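# Understanding the architecture of this molecule
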Amino acid sequence: MTLAKSYAYFTPEDYLEIERVSPIKHEYLQGQIVAMAGASKAHVIITGNLSALLVNHLRGTSCIAYATDMKVRLPTLNLFYYADLSVTCDERDRSSTQDFILHPKLVVEVLSDSTEAFDRGDKFSDYQSIVALEEYVLIHQKQILVERFQRKSDNLWVPAIYQTGDAVTFESIGFSCAIAQLYENLEQLSP
């Protein structure tokens, strides 16, 4: 659902101003402001688990992990997306006055029924315009399955699949963990 009538155009600056005071999150798609749906409990648990692991892993490095509320700006495509998790190691992303990053080296999306097609299709294609991006990761919430796409060249992204019993690796930041750690506490949710 867009914030205003479909013919209204918002500049990136308009969007950032609106988003700073909005009680709900929106993504920015080439002049349109689109409201985001809320996340499931499983989605929030998985994101929290990975966020905690990444923050601990990156402690003492020049990299920063952001979870859910940080926008990724894609200026060449005139887009802003909220990634579920992103990691930047670029000094240009350290300004405290900007409420977005431009140079993530890792982007993670936790899949839901309503976003899976977009996350693996257009959104992944759009993220590929970020020169600094080295890995794009999709985490399934209804099964123990992680898909990692690693950039080998501008047009070549090599997939890796992780399932039950595997160790998940994000080479861009030298991170590895048992896949079970990403899904920890999901068993506490009743169907």
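The following paragraphs examine the structure supplied in this document. (Residues numbered from 1 in each chain as written. Predicted model: local features only at pLDDT ≥ 70, side-chain atom pairs only at ≥ 80, totals over all residues. Heavy atoms only, no water.)

### Considering helix α2 (residues 41–58)
An α-helical segment advances 3.6 residues per turn. Residues three or four places apart therefore align on the same side. Rule in force here: Think of it this way: any DSSP run of H or I at least four residues long counts as a helix, any run of E at least two long counts as a strand, and we number them from the N terminus. Expected helix span is taken as 1.5 Å per residue step, with the number of steps being one fewer than the number of residues. Think of it in three bands: residues with accessible area under 20% of the maximum for their type are buried, residues over 50% are exposed, and the middle band is partly exposed, with areas taken using a 1.4 Å probe on protein chains only.
If you check α2, its first and last C-alpha atoms are 26 Å apart, about what 18 residues at 1.5 Å a residue would give, namely 26 Å. Within the span of α2, buried status applies to Ala42, His43, Ile46, Thr47, Asn49, Leu50, Ser51, Leu53, Leu54 and Leu58. Backbone geometry just after α2 places Gly60 at a positive phi near 85°.

### Some points on the environment of Leu50
Where we set the bar: Residue contacts follow a heavy-atom distance rule, with two residues in contact if any of their heavy atoms lie within 4.5 Å.
Residue placement: Leu50 occurs in helix α2. With a relative accessible area of 0%, Leu50 lands in the buried category. Between the C-alpha atoms of Leu50 and Ala65, which are 15 residues apart in sequence, the distance is 9.9 Å. Those residues within four positions of Leu50 in sequence are excluded, and the remaining contacts are Leu85, Val108, Ile139, Phe170, Phe175 and Leu182.

### Regarding the state of the cysteines
Put simply, the rule reads: Put simply, a disulfide is two cysteine sulfurs that come within 2.5 Å.
In total, this model carries one disulfide according to the counting rule given. One disulfide in the model links Cys63 with Cys89; its S-S distance is 1.8 Å. The sign of the 105° torsion about the S-S bond sets the Cys63-Cys89 disulfide as right-handed. Of this pair, Cys63 sits in the loop between α2 and β3 (64–67) while Cys89 is found in the loop between β6 (85–88) and β7 (100–101), placing the two residues 26 residues apart along the sequence. The cysteine Cys177 is free of any disulfide, with Cys63 supplying the nearest cysteine sulfur at 17 Å. On the basis of relative accessibility, which here comes to 6%, the residue Cys177 falls in the buried class.

### Structural notes on the side chain of Thr47
The following threshold applies: By the criterion applied in these results, polar contacts are pairs of N or O atoms within 3.5 Å in which, for protein atoms, one can donate a hydrogen and the other can accept it, and in which residues neighboring in sequence qualify only through two side-chain atoms.
Among the secondary structure elements, Thr47 is positioned in helix α2. On the accessibility criterion, Thr47 (4% relative accessible area) is buried. A polar side-chain atom of Thr47 sits 2.9 Å from the main-chain carbonyl oxygen of His43. With sequence-adjacent residues up to four places away left out, Thr47 is seen in contact with Ala67, Thr68, Asp84, Leu85 and Val110.

### Considering the packing of aromatic side chains
For clarity, the cut-off: Under the pairing criterion, centres of Phe, Tyr and Trp rings, with the six-membered ring standing for Trp, must be within 6.5 Å; the plane angle then separates stacked pairs below 30 degrees from edge-to-face pairs above 60, leaving the rest tilted. A ring is scored as having a charge over it whenever the NZ atom of a lysine or the CZ atom of an arginine sits within 6 Å of its centre and within 35 degrees of its normal.
Summed over all chains, the structure comprises eleven aromatic pairs. Look at Tyr127 and Tyr136: their rings are 5.5 Å apart centre to centre, the planes differ by 50°, and that puts the pair in the tilted class. Given the relative accessible area of 0%, Tyr136 is considered buried. Put simply, the rings of Tyr81, Phe118, Phe124, Tyr127, Tyr136, Phe149 and Trp157 touch in pairs and so form one group of aromatic residues. One Lys or Arg, Arg73, reaches over the ring of Phe100 and ends 5.4 Å from the middle of that ring.

### What to know about the layout of surface pockets
Here the idea is plain: a probe the size of a water molecule rolls over the atoms and shows the empty space left. We apply this condition: Cavities and pockets were defined on a 1 Å grid built from protein atoms only: a cavity is a group of points that admits a 1.4 Å probe but offers it no way out, a pocket is an open group of points flanked by protein on both sides within 12 Å along at least five of seven lines, and a lining residue is one with an atom within 4 Å of any such point. Grid points are joined across faces, edges and corners, and a volume is the space filled by probe spheres set on the points. In this classification, the charged set is Asp, Glu, Lys and Arg, the nonpolar set is Ala, Val, Leu, Ile, Met, Phe, Trp, Tyr, Cys and Pro, and all remaining amino acids, among them Gly, are polar.
The space that makes up the largest pocket amounts to roughly 690 Å³. When contributions to the lining of the largest pocket are tallied by element, the ones reaching two or more residues are β1 (26–29), β2 (32–35), α2, β8 (104–110) and α3 (116–120). Per-element tally for the lining of the largest pocket: the top contributor is α2, with four residues. Here the lining of the largest pocket is built from residues that sort into twelve nonpolar, nine polar and eight charged.

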